Amino acid sequence: MKKVIGSISVIIGISIIGLWVMLLLTDNVPELVTAPISITFHLIAEFSMGALMMISGIALLCKAKWSPWLFVLSSGLVIYAVVNSAGYYGQASNWAMVGMFMGLLVVTVVLDVLLIKSEV
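Model, not experiment: these values are computed from the prediction. (Residues numbered from 1 in each chain as written. Predicted model: local features only at pLDDT ≥ 70, side-chain atom pairs only at ≥ 80, totals over all residues. Heavy atoms only, no water.)

1. What to know about the overall build of the chain
Working step 1: In terms of regular secondary structure, the chain is built from five helices and zero strands.
Working step 2: Start at the N end of the chain and walk to the C end: the helices and strands fall as α-α-α-α-α.
Working step 3: In terms of its C-alpha atoms, the chain occupies a principal-axis envelope of roughly 45 × 25 × 20 Å.
Working step 4: Every one of the 120 residues in the chain was classed for burial, and the buried ones make up 36%.
Working step 5: Computing the positive centroid from 5 side-chain charges and the negative centroid from 5, the chain places the two 25 Å apart. (Helix = DSSP H or I, 4+ residues; strand = E, 2+ residues; numbered from the N terminus. Buried < 20%, exposed > 50% of the residue type's maximum accessible area, 1.4 Å probe, protein only. Lys, Arg positive; Asp, Glu negative; His and termini not counted. Charge placed at Lys NZ, Arg CZ, Asp CG, Glu CD.)

This is the structure in structure tokens:
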């Protein structure tokens, strides 16, 4: 189970970072002009979250003792971020993105439950 969760964690981390790189490269982050300080802190949080998901996934794959706890922390960051992002895209009536974020929310919560159950 840890290998599956680790692999999915790495994919989620890469996807988060990839999404932001794509948005930045295509000039789809208007907040860089309208709210540069706010978006800078937000980007730091998002890239940190993606990196932590990748690290926790790799650690799970390598069977590091501390990896489940890092995954729980990382997935908590993801849960917060996807709920927040769904609100942002919902406000813009972009329901496809809202659906994607809600799907990621469900996947993350399920992975958390499965990992915690395997540790108890």
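2. Things to note about the packing of aromatic side chains
Working step 1: What the rule picks out here adds up to two aromatic pairs.
Working step 2: A centroid spacing of 5.1 Å and a plane angle of 85° characterise the contact between Tyr88 and Tyr89, whose relative ring orientation is edge-to-face.
Working step 3: Ring pairs connect the aromatic residues Tyr88, Tyr89 and Phe101, which therefore count as one cluster. (Phe/Tyr/Trp six-rings, centres within 6.5 Å; stacked < 30°, edge-to-face > 60°.)

3. As for the environment of Leu114
Working step 1: With respect to the helices and strands, the residue Leu114 is situated in helix α5 (residues 95-119).
Working step 2: With 113 residues separating them along the chain, Leu114 and Met1 place their C-alpha atoms 8.0 Å apart.
Working step 3: Beyond its immediate stretch of four places on either side in the chain, Leu114 contacts Met1 and Ile5. (Contact = heavy atoms within 4.5 Å.)

4. Some remarks on the pattern of salt bridges
Working step 1: Inspection of every chain in the model, using the stated rule, returns one salt bridge.
Working step 2: The partner of Lys2 in a salt bridge is Glu119, and the shortest N-O contact between them spans 2.6 Å. Taken together, the residues Lys2 in helix α1 (residues 2-25) and Glu119 in helix α5 connect sequence positions 117 residues apart. (Salt bridge = Lys/Arg side-chain N within 4 Å of Asp/Glu carboxyl O.)

5. Side note on the side chain of Ser85
Working step 1: As for its position among the elements, Ser85 is in helix α4 (residues 67-91).
Working step 2: Looking at Ser85, the relative accessible area reads 13%, which means it is buried.
Working step 3: Residues in contact with Ser85, not counting those within four places in the same chain, are Glu46 and Phe101.

6. What to know about the nonpolar core
Across soluble globular proteins, nonpolar side chains have a tendency to be buried as a group.
Working step 1: With 23 residues, the main nonpolar core has Ile5, Ile16, Trp20, Phe71, Val78, Tyr89 and Phe101 as its most contacted residues.
Working step 2: Elements represented by at least two residues in this core include exactly α1, α3 (36-61), α4 and α5.
Working step 3: If sequence neighbours within four positions are ignored, Val78 has contacts with Ile12, Ile16, Met49, Met53, Leu104 and Thr108. (Core = buried A, V, L, I, M, F, W, Y, C linked by side-chain atoms within 4.5 Å.)

7. Observations concerning unusual backbone geometry
Working step 1: Positive phi values are uncommon outside glycine, yet Asp27 reaches one of about 55°.
Working step 2: The residue Asp27 is located in the loop between α1 and α2 (31-34) in this model.
Working step 3: For Asp27, a relative accessible area of 70% puts it in the exposed group.
Working step 4: One non-glycine residue, Ser93, lies in the positive phi region at around 60°.
Working step 5: Inspection of the secondary structure assignment puts Ser93 in the loop between α4 and α5.

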